[in-house]
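Per-entry structural report
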Number of protein chains: 2
Amino acid sequence: MTVANRKQREKQEMRTLILDAARSIFLEKGYDLTSIRNIAEKIEYSPGTIYLYFKEKDEIFHALHEEGFRRMIMKMEPLQHVAEPFERLKAMGRVYMEFAKENKDFYDLMFIIQAPMNMEEHEKWKMGNQALNFLKEVIKGCKKTGRFKGKDVNYLSFTIWSAMHGMCALFCRGRCHAYEEENIDPMTLMENGYKYFINMLEKI
Amino acid sequence: MTVANRKQREKQEMRTLILDAARSIFLEKGYDLTSIRNIAEKIEYSPGTIYLYFKEKDEIFHALHEEGFRRMIMKMEPLQHVAEPFERLKAMGRVYMEFAKENKDFYDLMFIIQAPMNMEEHEKWKMGNQALNFLKEVIKGCKKTGRFKGKDVNYLSFTIWSAMHGMCALFCRGRCHAYEEENIDPMTLMENGYKYFINMLEKI
DNA sequence: TTTGTTTTCTGAACACTGTTCATTATTTTC
DNA sequence: GAAAATAATGAACAGTGTTCAGAAAACAAA
């Protein structure tokens, strides 16, 4: 065990410590109220210290951004066992929506907030692309069973993703309240929105 | 012309002055870079003055929020002349999407940004509800021609709105870049996403 | 026109934000 | 133990929304 090794390990531990604090504040108070000073106070270090482990605030949130995708991908893991492609696609939509409902802030960070995506480097969305590729693969599977004939996989994946994202984004940003006059709560709205969309997918 | 009248008019003129400055900065630099001090500097008043005409920053952006809806509704005006309900619905989707593409920042403010929607009062979304009701009316028209049989107007309106919003929101927040690896630009993506969705609507 | 009152405006101050950097403290190496 | 390297600090900078005592301007009455 060389000194360099320990140092490296300690560096990693510190990053984890910062990330844990950031996550806990982020999940409790949301993105806007998670400041460097807040995080520093939580781990009992000075604000400046954080910049010895992360280049900027965005880097912290990009780490959480990736964690969000890991969580989502984990939640999708069981879908591998759904043999029939279209059944898998439908289940995927369900899981996606459930993830958004249960992890509002993570979803926000992953698909709505601009911050951790600012940089030009497409590297930033590696995890997102992985998830998107998973969707495309499932669609390809569907095509093999004769579904979605004549439809382009890229465009169709975007259509499906958009439909799901639309509901989740309206939900996350409080626009579902538009239906409160009709006494329809956001959960019922999303449940039925999903059903209707699946219904459309079946007939395309 | 009483003095009180003139004073009231001057008050209104000042509000307009502030709003004009706010809009110009907002459309040029976006929401985050539009600060009270920026606005104040533009109209050559002190920052404190603005608070004599608007209770808080949100009130300014709520005014712009409403303006956005007025613009969108104006853009939808010609649709009244499209007689066939389903044709009108399709055209509506087109206009909605075009509005988002041409007025990225307004769209963001209207449907994504949380800020001007914070307050509990549903009053805040009067304009939004008006637009949503217009959509529902068009759907009702479609139902009268035998379309969307057995489908609930509220749920279906949400499904359609979500699908359109999903594409626009992914566009506004730079998530369309996910398809750059496949050499598909955001515009092509949205164009085809729209086509595919309409195709689904036709078959539901 | 001058005085007194009311309205309008200012800009410093408060409590925040992300980020930098000279200084201080700790640890490692020789 | 002294010297060198590494780590941590916290004040400072430039910015944010918002408030409010005091100054300035507009108005009303004498």
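The structure this text deals with has already been given above.
Throughout what follows, the structure given in this document is the object of discussion. (Residues numbered from 1 in each chain as written. Chains lettered and ligands numbered in written order. Predicted model: local features only at pLDDT ≥ 70, side-chain atom pairs only at ≥ 80, totals over all residues.)

What about the overall build of chain A?
Regarding its fold elements, chain A presents 9 helices and 0 strands. Reading the helices (α) and strands (β) of chain A from amino to carboxyl end gives α-α-α-α-α-α-α-α-α. Taking the principal axes of its C-alpha atoms as reference, chain A extends roughly 60 × 50 × 30 Å. For chain A, the residues scored as buried account for 35% of the 204 residues in total. (Helix = DSSP H or I, 4+ residues; strand = E, 2+ residues; numbered from the N terminus. Buried ≥ 20, exposed ≤ 12 C-beta atoms within 10 Å, placed from the backbone.)

What to know about the environment of Thr 34 of chain A
By the element assignment, Thr 34 of chain A lies in the loop between helix H1 (3-29) and helix H2 (36-42). If we ignore the near neighbours within four places in the chain, the residues touching Thr 34 of chain A are Ala 22, Ile 25, Phe 26, Lys 29 and Ile 39 of chain A. (Contact = placed C-beta atoms within 7 Å.)

What about the protein's contact with DNA strand D?
Around DNA strand D there are 17 residues in total, and Gly 48 of chain A together with Ser 35, Gly 48, Glu 56 and Lys 57 of chain B lie nearest to it. Listing elements by their share of the surface near DNA strand D, those giving two or more residues are helix H3 (47-50) of chain A together with helix H2 (36-43) and helix H3 (47-50) of chain B. Of the residues contributing to the surface near DNA strand D, the split by class is 7 nonpolar, 6 polar and 4 charged. (Near = placed C-beta within 6 Å. Nonpolar A, V, L, I, M, F, W, Y, C, P; charged D, E, K, R; others polar.)

What about the protein's contact with DNA strand C?
What surrounds DNA strand C is a group of 17 residues, the closest being Ser 35, Gly 48, Glu 56 and Lys 57 of chain A together with Gly 48 of chain B. At the level of elements, H2 and H3 of chain A together with H3 of chain B are the ones that each hand at least two residues to the surface near DNA strand C. Of the residues that constitute the surface near DNA strand C, the class distribution is 7 nonpolar, 6 polar and 4 charged.

Observations concerning the relation of the copies chain B and chain A
Overlaying chain B with chain A gives an RMSD of 0.1 Å, the required rotation being 180° about an axis along which the chain moves by 0.0 Å. Taken together, the rotation angle and the small translation identify this as a two-fold axis. Most of the interface of chain B is mirrored in chain A, where 100% of its interface residues are also at the interface. (Least-squares fit on C-alpha atoms with pLDDT ≥ 70 in both.)

Regarding the interface of chain B and chain A
With 41 residues of chain B in contact, the opposing surface of chain A contributes 41 residues. When contributions to the side of chain B that touches chain A are tallied by element, the ones reaching two or more residues are helix H6 (104-112), helix H7 (126-144), helix H8 (153-172) and helix H9 (186-203) of chain B. A class-by-class count of the residues in the side of chain B that touches chain A yields 21 nonpolar, 14 polar and 6 charged.

What to know about the nonpolar core
Grouped together as the largest cluster of nonpolar side chains are 106 residues, with contacts concentrated most on Cys 168 of chain A together with Cys 168 of chain B. Apart from residues no more than four positions distant in its own chain, Cys 168 of chain A is found in contact with Met 97, Ala 100 and Tyr 107 of chain A. (Core = buried A, V, L, I, M, F, W, Y, C linked by C-beta atoms within 7 Å.)

Quick notes on the packing of helix H4 (residues 57-76) of chain B against helix H5 (residues 85-102) of chain B
Residue and element names in this part refer to chain B. Their axes nearest at 10 Å, the elements H4 and H5 cross at an angle of 140°. Accordingly, the angle class assigned to the pair H4 and H5 is oblique. Judged by the sense of rotation from one axis to the other, the crossing of H4 with H5 is right-handed. In contact with Met 72, Lys 75 and Met 76 of H4, H5 contributes Met 92, Val 95 and Phe 99. Of the residues that constitute the contact of H4 with H5, the class distribution is 5 nonpolar, no polar and 1 charged. (Axes fitted to C-alpha atoms, helices over the stretch in contact; angles between N-to-C directions. Parallel < 35°, antiparallel > 145°, perpendicular 65-115°, else oblique. Left-handed = near helix turned anticlockwise from the far one by under 90°.)

Thoughts on unusual backbone geometry
Peptide bonds are trans in most cases, and residues, glycine excluded, mostly fall at negative phi. All names here are of chain B. Even without glycine at this site, Glu 44 takes up a positive phi of about 60°. As for its placement among the helices and strands, Glu 44 is situated in the loop between H2 and H3. Residue class for Glu 44 comes out exposed when judged on the 9 C-beta atoms lying within 10 Å of it. We note that Phe 148 has phi near 55°; this positive angle belongs to a residue other than glycine. With respect to the helices and strands, the residue Phe 148 is situated in the loop between H7 and H8.

Some details on the packing of helix H5 (residues 85-102) of chain A against helix H7 (residues 126-144) of chain A
Residue and element names in this part refer to chain A. Contact geometry for H5 and H7: axes closest at 8 Å, N-to-C directions at 145°. Where H5 crosses over H7, the two elements pack in a sense that is left-handed. Along the contact surface, H5 presents Pro 85, Phe 86, Arg 88, Leu 89 and Met 92, while H7 presents Leu 135, Val 138, Ile 139, Gly 141 and Cys 142. Taken together, the residues of the contact of H5 with H7 sort by class into 8 nonpolar, 1 polar and 1 charged.

Regarding helix H4 (residues 57-76) of chain A
Between its terminal C-alpha atoms H4 of chain A stretches 29 Å, which fits the 28 Å expected from 20 residues at 1.5 Å a residue. Looking at H4 of chain A, one finds that the buried residues are Ile 60, Phe 61, His 62, Leu 64, His 65, Gly 68 and Met 72 of chain A. (Expected span 1.5 Å × (residues − 1).)

Remarks on helix H9 (residues 186-203) of chain A
Note on helix geometry: an α-helix contains 3.6 residues per turn, so any two residues three or four positions apart are oriented the same way. For H9 of chain A, built from 18 residues, the straight-helix expectation of 26 Å at 1.5 Å per residue is met to within 8% by its first-to-last C-alpha distance of 26 Å. Looking at the packing, one finds that the buried side of H9 of chain A touches H5 and helix H8 (153-172) of chain A together with H8 and H9 of chain B.

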